[in-house]
Amino acid sequence: KGSEGKFNGSAEFTVTSGIDANIAKTEYSTEGGRNWNTYSSKVTVFKTSSLVARSTDWAGNVSDYSSPIDVQINSTFPDFTVECTTPDGRYKLGEILEFKVYFANEVDISADSTAYISLSAGTGTITSEAKATITKASKGDNVTEATFEYTVREGDDFTLEVKANAVNLTGIKDKYGVEWTSEKTLADDYTRTDLVCDTVLPYVVSMTPQGTKTTQN
């Protein structure tokens, strides 16, 4: 179960009728009263429903509907996109690249989430295990965007690329309680050809003096 009225995959409900011995049957509807089913025991629903119930006595008198209960059911983690909000340019050792992950629906990010974005080199060379990690300030409930940061490391010399399967959202679930799994990825790879990390130091190849050589007697 997720937040109030939201359920992951399915929901169960029971109906308690009055103790009147004259009750002939109790019925429930999953469509707000448009259809009716005889109730006998716990019921499981697998789609978003508006639940109401009613009882009928042996004389044919029908009770008022119970107060409606709306349940929303979902089993799919929301879509998300990635953007590097750092402007195009060249970035040296120790500078920070900022990323945003935007969620199609609100999510809850646990305090111990280890979410990260693995970075790749579109061109050039990137240090191993290059990851932008989620910031502490991004963690909490009802989140629609989260911030990730990567500090440029020694040996980095690359243009930025994020593969579609490179976003790990461990510790994040939606309002239905659906947790992220590795099956949920970006729709496409994300590339920034004009954003370059460059920690390779320049060097002087040689120096050649020029001019007229003088001799002293």
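Residues numbered from 1 in each chain as written. Predicted model: local features only at pLDDT ≥ 70, side-chain atom pairs only at ≥ 80, totals over all residues. Heavy atoms only, no water.

Here we come to the overall build of the protein chain. If you tally the helices and strands in the protein chain, you get zero helices and 18 strands. Expressed along its principal axes, the backbone C-alpha trace of the protein chain runs to roughly 135 × 25 × 25 Å. Looking at the protein chain as a whole, 38% of its 217 residues are labelled buried. If you take every contact in the protein chain between residues at least 6 apart in sequence, the share linking residues at least 24 apart comes to 69%. Accessible area of the protein chain: about 13500 Å², with a carbon and sulfur share of 47%. Taking the 20 positively charged and 31 negatively charged side chains of the protein chain as two groups, their mean positions are separated by 2 Å. (Helix = DSSP H or I, 4+ residues; strand = E, 2+ residues; numbered from the N terminus. Buried < 20%, exposed > 50% of the residue type's maximum accessible area, 1.4 Å probe, protein only. Contact = heavy atoms within 4.5 Å. Areas by Shrake-Rupley, 256 points an atom, 1.4 Å probe, with all protein chains shown as cover. Lys, Arg positive; Asp, Glu negative; His and termini not counted. Charge placed at Lys NZ, Arg CZ, Asp CG, Glu CD.)

Moving on: the packing of aromatic side chains. The full count for this structure, using the stated rule, is six aromatic pairs. Seen in terms of ring centroids, Tyr28 and Tyr39 are 6.3 Å apart; in terms of plane orientation they differ by 85°. Their pairing is edge-to-face. Of this pair, Tyr28 sits in strand E3 (residues 23–29) while Tyr39 sits in the loop between strand E4 (37–38) and strand E5 (43–45), and the two are 11 residues apart along the sequence. Of the two residues examined, Tyr28 and Tyr39, each falls in the buried class. Ring geometry for Phe80 versus Phe103: centroids 6.4 Å apart, planes at 55°, classification tilted. Note that Phe80 is positioned in strand E8 (residues 80–84) and Phe103 in strand E10 (residues 96–109), a separation of 23 residues in sequence. This pair shows no difference in class: Phe80 is buried, exactly as Phe103 is. Among the aromatic residues, those joined into a ring-pair cluster are Phe13, Tyr28 and Tyr39. Lying across the ring of Trp36, Arg54 places its NZ or CZ 4.0 Å from the centre. Looking at Lys131, its charged tip hangs above the ring of Tyr116, at a distance of 4.1 Å from the centre. (Phe/Tyr/Trp six-rings, centres within 6.5 Å; stacked < 30°, edge-to-face > 60°. Lys NZ or Arg CZ within 6 Å of the ring centre and 35° of its normal.)

Attention now moves to the nonpolar core. Phe99, Ile117, Phe148, Val162 and Leu169 are the most contacted members of the largest nonpolar core, which has 37 residues in total. Of the residues forming this core, the biggest block, six residues, is contributed by E10. Sequence-distant contacts of Val162, that is, excluding residues within four places in its chain, are made with Phe99, Ile117, Ser118, Leu119, Val167, Leu186, Asp189 and Tyr190. (Core = buried A, V, L, I, M, F, W, Y, C linked by side-chain atoms within 4.5 Å.)

Summed over all chains, the structure comprises 12 salt bridges. Residues joined in a network through salt bridges with shared partners are Lys25, Glu27 and Arg54. (Salt bridge = Lys/Arg side-chain N within 4 Å of Asp/Glu carboxyl O.)

Here we come to the sheet that holds E4. The sheet built from five strands is open, its strands ordered E1-E7-E6-E3-E4 with mixed pairing. The open sheet is flanked by strand E1 (6–8) and E4, the only strands paired with a single partner. Sheet topology note: the E3/E4 ladder contains two bridges and is antiparallel. Note on E4: the bridge partner recorded for Tyr28 is Asn37. (Pairing = 2+ DSSP bridges.)

Assignment of secondary structure puts Thr147 in strand E14 (residues 140–151). Every residue in contact with Thr147, bar those within four places of it in the chain, is listed here: Glu98, Phe99, Lys100, Thr133, Ile134, Thr135 and Ser138.

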